[in-house]
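# Fold and contact review
Chain by chain, the residues run as shown.
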Amino acid sequence: MSTIEEIKARINIVDLISESVKLRRTGKNYIGFCPFHANTRTPAFVVFPDSGTWRCFGECNEGGDIFRFLMKKEGWDFSEALRYLANKAGVTLEPFTPKKKEENAYAERLSSILEEALIFYRHHLTQTEKGKEALAYLIEKRKLSPKAIETFELGYAPESWEDCLTFFRKKGYNEKELIDCGLITQRSEQDGYYDRFRKRIIFPIRNANQRLCGFGARAISNEDIPKYLNSPQTLIFDKGALLYGLDKARKAIRAADQAIIVEGYFDVIGLYQAGFQNAVSPMGTALTPVQMRLLKRYTRRIILALDADSAGEKATLKGLQVARDTMNHAEDFIFDPRGLIHSEARLDADMRVCTLPSG
Ligand code: ZN
């Protein structure tokens, strides 16, 4: 993610503009009186949370993103707005050096290699003899519809040490690139390389902007351990900064003004199939503050629906704590019974726990 994308992901445009403009919700968007032209009787200023933009449909007919809003309102230039918003979002600004530029280009390349790998895995699930067992597992055992398999772009990594490696070598990629995007592993200096994912269902993991960052992979035989294996930490894959399903759920989260947090890949897909398209998963680990900030951009109403076992309960408590630390607090002034005023911090979020029956 670029610094600008990162800032936009962390700052909710409605919150930012609400600091100076009174907004009222109308459907998906927010409307208010334009701060840039003398107030008329009609509110002509619209904020579009989905795209992170605003526009005045009145006299000034201006629009833009959060940067443009601050530049216009405060009379700042872009770098001043950038410094202010980076600070507010808790993003460290790095000078845009040639090295950084090179790194961004390399990240793009790694992501495009993953897209090719995804074509390879999807082909193996749907078009090969070996993939039949995996497809049967998804449809019969996991009760996934062919449509859900298609929507979530599920794939299959064949039971082989080097099918994936050979596929990419033929296309002219080198081992370093394949290691850097987490597709292969090096055995040792002498013994060469092997495919990271073997005989596993493949779940592509995309960020909110649809960029492919890595894979989750589930063994289809119970003897194979670990049951779940992810891409390793790479330049583009940071598990704690991604939420599985957010690329597909973000619109539904906004529309429902509510996000459901579930434990794993199958929970997200299962809920999607059942008509709840606003579910995301922190992929089997405890919710991180970065993940919570990602969600905060779309909603403040969160439901934790984690497994009904002791690990799930622990994860729920941890999730509540992270939410408490991450979500904004508002201050209320309260009259106590003696008539004195004191202030009370209130969490600016609606957190609920959905308790599931065990099993
Ligand atoms: Zn205006």
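Computed from a prediction, not measured in an experiment: that's the story for all the values here. (Residues numbered from 1 in each chain as written. Predicted model: local features only at pLDDT ≥ 70, side-chain atom pairs only at ≥ 80, totals over all residues. Heavy atoms only, no water.)

### Concerning the sheet that holds strand 17 (residues 350–353)
Consider a sheet: its strands pair through backbone hydrogen bonds, and that pairing is either parallel or antiparallel. Reading across the sheet, the 4 strands line up as 13-12-14-17 and stay open at both edges, with parallel pairing between neighbours. Each having just a single partner strand, strand 13 (279–280) and strand 17 make up the two edges of the open sheet. Of the pairings in the sheet, the one linking strand 14 (residues 301–304) to strand 17 comprises 4 bridges and is parallel in character. Looking at the pairing, L304 lines up with V353 of strand 17. Contacts from helix 13 (residues 310–326) reach strand 14 and strand 17, with the element oriented near 180 degrees to strand 17. (Pairing = 2+ DSSP bridges. Helix = DSSP H or I, 4+ residues; strand = E, 2+ residues; numbered from the N terminus. Contact = heavy atoms within 4.5 Å. Axes fitted to C-alpha atoms, helices over the stretch in contact; angles between N-to-C directions.)

### Concerning the coordination of the zinc ion
Only C34 (SG), H37 (ND1), C56 (SG) and C60 (SG) from the protein reach the zinc ion as donors, at distances of 2.0 to 2.3 Å. When the donors of the zinc ion are listed by position in the chain, the intervening gaps give C-x2-H-x18-C-x3-C. Taking relative accessible area as the criterion, C34 reaches 5% and is therefore assigned buried. (Donors = N, O, S within 2.8 Å, 3.2 Å for Na, K, Ca; no water. Buried < 20%, exposed > 50% of the residue type's maximum accessible area, 1.4 Å probe, protein only.)

### Quick word on the packing of helix 12 (residues 289–296) against helix 13
Geometrically, a packed helix pair is captured by the angle between its two axes and the distance between the axes. Across the interface, helix 12 lies against helix 13 with an axial gap of 9 Å and an inter-helix angle of 65 degrees. Of the two possible hands of crossing, helix 12 and helix 13 adopt the one that is right-handed. For the pair helix 12 and helix 13, contact is made by P289, M292, R293 and K296 and by G319, V322, A323 and T326, respectively. The residue makeup of the contact of helix 12 with helix 13, split by class, is 4 nonpolar, 2 polar and 2 charged. (Left-handed = near helix turned anticlockwise from the far one by under 90°. Nonpolar A, V, L, I, M, F, W, Y, C, P; charged D, E, K, R; others polar.)

### Some thoughts on the packing of aromatic side chains
Two aromatic rings, taken as a pair, are described by how far apart their centres are and by the angle between their planes. By the definition in use, this model includes 23 aromatic pairs. Relative to F69, the ring of F45 lies with its centre 6.2 Å away and its plane at 50 degrees, an arrangement referred to as tilted. In this pair, F45 sits in strand 3 (residues 45–48) while F69 sits in helix 3 (residues 66–74), placing the two residues 24 residues apart along the sequence. Classification of F45 by relative accessible area gives buried; the value is 0%. F69 gets classed as buried once you look at its relative accessible area, which sits at 1%. Ring plane angle 35 degrees and centroid distance 5.2 Å describe the contact between F67 and F78, whose orientation is recorded as tilted. Within this pair, whereas F67 is found in helix 3, its partner F78 is found in helix 4 (residues 78–89), the two being separated by 11 residues in sequence. (Phe/Tyr/Trp six-rings, centres within 6.5 Å; stacked < 30°, edge-to-face > 60°.)

### Here we look at the packing of helix 3 against helix 4
Their axes nearest at 9 Å, the elements helix 3 and helix 4 cross at an angle of 115 degrees. Judged by the angle between their axes, helix 3 and helix 4 are roughly perpendicular. For helix 3 against helix 4, the interelement crossing comes out right-handed. Between helix 3 and helix 4, the residues in contact are I66, F67, L70 and M71 and F78, A81, L82, Y84 and L85, respectively. Of the residues assigned to the contact of helix 3 with helix 4, the class counts are 9 nonpolar, no polar and no charged. (Parallel < 35°, antiparallel > 145°, perpendicular 65-115°, else oblique.)

### Here's the deal with the nonpolar core
In this structure, L138, L154, F203, Y244 and I269 are the most contacted members of the largest nonpolar core, which totals 28 residues. Top element by residues in this core is helix 11 (residues 265–273). It accounts for 5 residues. Those residues in contact with I269, other than ones at most four positions away along the chain, are L144, A148, F152, L154, F203 and Y244. Within the second largest apolar cluster, 26 residues are counted, among which are L16, Y30, A86 and V91. (Core = buried A, V, L, I, M, F, W, Y, C linked by side-chain atoms within 4.5 Å.)

### Some thoughts on helix 6 (residues 131–141)
Here helix 6 has its buried residues at G131, A134, Y137 and L138. For helix 6, the angular spread of buried residues about the axis comes to 120 degrees, placing them on one side. Across helix 6 from its buried face, at more than 90 degrees, point the exposed residues K132, E140 and K141. On its buried side, helix 6 packs onto helix 5 (98–127), helix 7 (146–151), strand 6 (155–157), strand 9 (200–206), strand 10 (212–219) and helix 11. Positive backbone phi, at 55 degrees, marks K143, one or two positions downstream of helix 6. (Arc of directions from axis to C-beta.)

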